Amino acid sequence: EDQDCPVSATATQDTGRTDYAKQHHDAFRVVSKAHRRERIAGHRELDERSCTNWMTDPHVWYRHPLLRIFVPFLITGLDLYMYVEDPLNDAHVPYNVPFQGHALGLMAFWAAPSTSLAFLRLGLTLVSWVFAAIVGRQFVVGVLLRRCVRLTCFQGGSEGTLVVVFLLGGCFMFVAALVYNQLTDDQLDGTSNDIFLIFGAQTEQYRHVNQCWQVLSLLVDMLTILTVLDVCLQDEMRYPSFLPSIKAIWTRSFQGWVRVLFAWSCFLCGAVPIVWLVFLTGPKQNQISAPVIFGGSDEVTRSICAGVLVFVDLLVTVQDWDFPTFEEPLEIQVPTKVLGTFSDKLKITFVAKFLALIPQPSCSCWKRLCRYLPGPEFFQVSIRGKWLQYGPLCVVMFIDLCYSRTQLFYDPSFFGQYADPRDSFIWSITDQETLENSYEGGYLKENASELICFEGRWNSSTYEALIPEALTDVKLNSRFVNSGMKYLALWISSSALFSFACCICTADWR
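Reading the values: the criteria
Residues numbered from 1 in each chain as written. Predicted model: local features only at pLDDT ≥ 70, side-chain atom pairs only at ≥ 80, totals over all residues. Heavy atoms only, no water. Helix = DSSP H or I, 4+ residues; strand = E, 2+ residues; numbered from the N terminus. Buried < 20%, exposed > 50% of the residue type's maximum accessible area, 1.4 Å probe, protein only. Contact = heavy atoms within 4.5 Å. Areas by Shrake-Rupley, 256 points an atom, 1.4 Å probe, with all protein chains shown as cover. Lys, Arg positive; Asp, Glu negative; His and termini not counted. Salt bridge = Lys/Arg side-chain N within 4 Å of Asp/Glu carboxyl O. Pairing = 2+ DSSP bridges. Axes fitted to C-alpha atoms, helices over the stretch in contact; angles between N-to-C directions. Polar contact = N/O pair within 3.5 Å; in protein donor to acceptor, adjacent residues only side chain to side chain. Nonpolar A, V, L, I, M, F, W, Y, C, P; charged D, E, K, R; others polar. Phe/Tyr/Trp six-rings, centres within 6.5 Å; stacked < 30°, edge-to-face > 60°. Lys NZ or Arg CZ within 6 Å of the ring centre and 35° of its normal. Disulfide = S-S within 2.5 Å. Patch = residues over 30% accessible without salt bridge, like charges linked within 9 Å, V, L, I, M, F, W, Y side chains within 5 Å. Core = buried A, V, L, I, M, F, W, Y, C linked by side-chain atoms within 4.5 Å.

### Focus: the overall build of the protein chain
Phase 1: Within the protein chain, the regular secondary structure consists of 14 helices and 7 strands.
Phase 2: Scored against the burial criterion, the 510 residues of the protein chain give a buried share of 42%.
Phase 3: In the protein chain, the share of contacts with a sequence separation of at least 24, taken over all contacts with a separation of at least 6, comes to 77%.
Phase 4: Summing over all exposed atoms, the protein chain offers an accessible surface of approximately 28500 Å²; the carbon and sulfur share of this is 65%.

Written as structure tokens, this is what we have:
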């Protein structure tokens, strides 16, 4: 028995080694199979990503810095072209956009006929924006976009929330304007545009209100140009060989003051001439009038240009190197700074600090109510540089969509204009007495269409004026051919918006 002990110990040791080798071999087989599966899945994932690589890769051709800088200039050129060719910019009838007029009319509380109605307008405006902030942040962003759709760009920060709140604010103010109309005899409608008078509009007619919109559009275009240029020149990781010497001067010379001073100087020196020149445009002798471009555009050309402009507005957003999350990668040590500042984000905290200073009642009812209301920190806002660019760009895109809608349904008689049967060029009526007798509340009266036509103002044979007021009509550079091809712009705008939504969801999922 003593002699068998070493043999038993050796057998046990050999059995343990065999079991260990078998376990190691089985584990190796499991790991090998898992590695093969991971490798096959990786190849499949690469094959799938190759189809969507153009959405997220910062080095695709259309995201080159030169193209990124060129596209905002293209937007500015298209904006100027459409402003010159749009016949509504010479219409002398009251500006009439129902949804917009209701909301902006409610904001113009100083234009109310009495002090009590002014306070009512102001109160409804504040309530509308508070409801927009609560519904937009808690439900639309917090539930729909973060939990259901799960878009990364809405997961952190408050920039996406601001865009949603801004859109909902207009909707709530429209509802509040309808409530205001039911409570008072002071009716708000599409012609309630008193707010434009404080922004430089001489009257509430189309020709003067559109000047305000054009100034806003051009200022945002210039801001977009400067922002894209600033982002491209701050980049040192994605395109390090693009203008390296200029980048060094831009970011490091004089401790970065070159970049800050250049941005403010260009914006201020460009904003003043833009405002001055736009408000000088018009058909009169001492005003700026553009020449006939390409023989005069018709509503088909203007509608297609509006659709293309919506597409280009979205292209600026897709060209961003961090699309669709708009968050810079971790390997970037120095974050991109906001245009004209030394900070990578802007923080707005004065509203939250002000609300925190307001004393609160100590009763139990108020404490129970506070459980369902947002706290002061709810109104803290932080905005990164990218959203400072794309947020105002959404406003410009909304203006372009409204312009596209107007061109789709444009009829000269709706705006105090008529088409010349000889060459299809548009004439604009300037006689205010004729327009006041023909339009009511911004709409053409039923029996007034005879005065707003070529046959009612000019002789069809001799082309002589039938009434003295016809001699004051102004011939524009635009034409009206009444073609159904203008609805092609609807397809362009719809396709651009649908494609953008698909791209941002697909790229975010990848």
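### Some details on the side chain of Asp-313
Phase 1: Locating Asp-313 in the fold gives a position in helix H9 (residues 299-318).
Phase 2: Among buried charged residues, Asp-313 stands out as having no salt bridge; its nearest opposite-charge side chain is Arg-68, 13 Å away.
Phase 3: Once residues within four sequence positions are removed from consideration, Asp-313 is found in contact with Ile-75, Leu-393, Val-396, Met-397 and Asp-400.

### A few points about the sheet that holds strand E4 (residues 425-428)
Phase 1: One open sheet accounts for 3 strands, arranged E3-E4-E7; its pairing is antiparallel. Of all strands in the sheet, those with a lone pairing partner are strand E3 (417-419) and strand E7 (474-479), marking the two edges. In this sheet, neighbouring strand axes are inclined to one another by 30° on average, regardless of whether the strands run parallel or antiparallel.
Phase 2: As judged from the 3 bridges shared by E4 and E7, these two strands associate in the antiparallel manner. By the bridge assignment, Ser-428 is partnered in E7 with Val-474.

### Comments concerning the pattern of salt bridges
Phase 1: Across all of its chains, the model carries 10 salt bridges by this definition.
Phase 2: Across the salt bridge formed by Arg-68 and Asp-320, the nearest N and O atoms sit 3.9 Å from each other. Of this pair, Arg-68 sits in helix H2 (residues 65-85) while Asp-320 is found in the loop between H9 and strand E1 (345-348), placing the two residues 252 residues apart along the sequence. Taken as a pair, Arg-68 and Asp-320 share a single burial class, namely buried.
Phase 3: Arg-121 serves as the salt-bridge partner of Asp-186, at 2.6 Å between the closest nitrogen and oxygen. Linking Asp-186 in the loop between helix H5 (159-183) and helix H6 (206-234) with Arg-121 in helix H4 (residues 115-148), this pair joins segments that are 65 residues apart in sequence. Note on accessibility: Asp-186 and Arg-121 belong to one class, buried.
Phase 4: One network of salt bridges, with partners in common, ties together Asp-235, Arg-238 and Lys-247.

### Observations regarding the side chain of Gln-205
Phase 1: Of note, Gln-205 is situated in the loop between H5 and H6.
Phase 2: Within the structure, the side chain of Gln-205 is placed 2.7 Å from the side chain of Arg-207, a separation counted as a polar contact.
Phase 3: Residue contacts for Gln-205: discarding those within four places in its chain leaves Ala-91, His-92, Val-93, Pro-94, Tyr-95 and Gln-432.

### Concerning the environment of Glu-85
Phase 1: By the secondary structure assignment, Glu-85 is in helix H2.
Phase 2: Expressed as a C-alpha distance, the spacing of Glu-85 and Ser-297, which sit 212 residues apart in the sequence, is 6.6 Å.
Phase 3: Here Ser-297 takes part through its side chain, which lies 2.7 Å from a polar atom of the side chain of Glu-85.

### Quick word on the packing of helix H3 (residues 98-107) against H4
Phase 1: It is at 8 Å that the axes of H3 and H4 come closest, and there the two elements cross at 115°. Contact with H3, carried on its side by Gly-105, Leu-106 and Met-107, involves Arg-121, Leu-124 and Thr-125 of H4 and no other residues of that element.
Phase 2: Looking at side-chain class alone, the contact of H3 with H4 contains 3 nonpolar, 2 polar and 1 charged residues.

### Structural notes on the packing of aromatic side chains
Phase 1: One pass over the structure, following the stated rule, counts 18 aromatic pairs.
Phase 2: For the ring pair Phe-454 and Tyr-463, a centre distance of 6.1 Å and an interplane angle of 55° mean the geometry is tilted.
Phase 3: Members of the aromatic cluster, joined through ring pairs, are Tyr-95, Phe-196, Tyr-206, Trp-213, Tyr-410, Phe-415 and Phe-480.
Phase 4: Across the ring face of Tyr-410, the terminal group of Arg-302 is positioned such that the distance to the ring centre comes to 5.9 Å.
Phase 5: The ring of Tyr-463 has Arg-422 lying over it, and the distance from NZ or CZ to the ring centre is 4.2 Å.

### Regarding the state of the cysteines
Phase 1: Overall, the coordinates contain 0 disulfides when judged by the stated rule.
Phase 2: No disulfide involves Cys-269; its sulfur sits 7.2 Å from the nearest other cysteine sulfur, which is in Cys-266.
Phase 3: Judged by relative accessible area, Cys-269 falls into the exposed class, the value being 57%.

### Overview of a nonpolar patch on the surface
Phase 1: The grouping of Trp-61, Leu-67, Phe-70 and Leu-74 at the surface amounts to a nonpolar patch, some 430 Å² of accessible area in total.
Phase 2: Along the chain, Trp-61 falls in the loop between helix H1 (4-56) and H2.
Phase 3: A residue is classified by how much of its surface remains accessible, and Trp-61, at 66% relative accessible area, is exposed.

### Considerations on the nonpolar core
Phase 1: Among the nonpolar cores identified, the biggest contains 29 residues, and Val-93, Phe-196, Tyr-206 and Phe-415 are the most heavily contacted of them.
Phase 2: Where this core is concerned, the elements lending two or more residues are H6 and E4.
Phase 3: The contact partners of Val-93, leaving out residues within four places of it in the chain, are Gln-205, Tyr-206, Phe-414, Phe-415, Gly-416, Leu-435 and Tyr-439.
Phase 4: Counting 12 residues, the second largest nonpolar core, distinct from the first, contains Cys-305, Ala-306, Val-312 and Val-316.

### Focus: the environment of Val-130
Phase 1: Assignment of secondary structure puts Val-130 in helix H4.
Phase 2: Residue Val-130 is classed as partly exposed on the basis of its relative accessible area, which comes to 39%.
Phase 3: Along the chain, Val-130 and Gly-169 lie 39 residues apart, while their C-alpha atoms are 8.6 Å from each other.

### A word on unusual backbone geometry
Peptide bonds are trans in most cases, and residues, glycine excluded, mostly fall at negative phi.
Phase 1: Its identity is not glycine, yet Leu-243 carries a phi of approximately 50°, on the positive side.
Phase 2: In this fold, Leu-243 is placed in the loop between H6 and helix H7 (244-252).
Phase 3: With a relative accessible area of 36%, Leu-243 lands in the partly exposed category.
Phase 4: For Ser-424, which is not glycine, the phi torsion reads 70° and is therefore positive.

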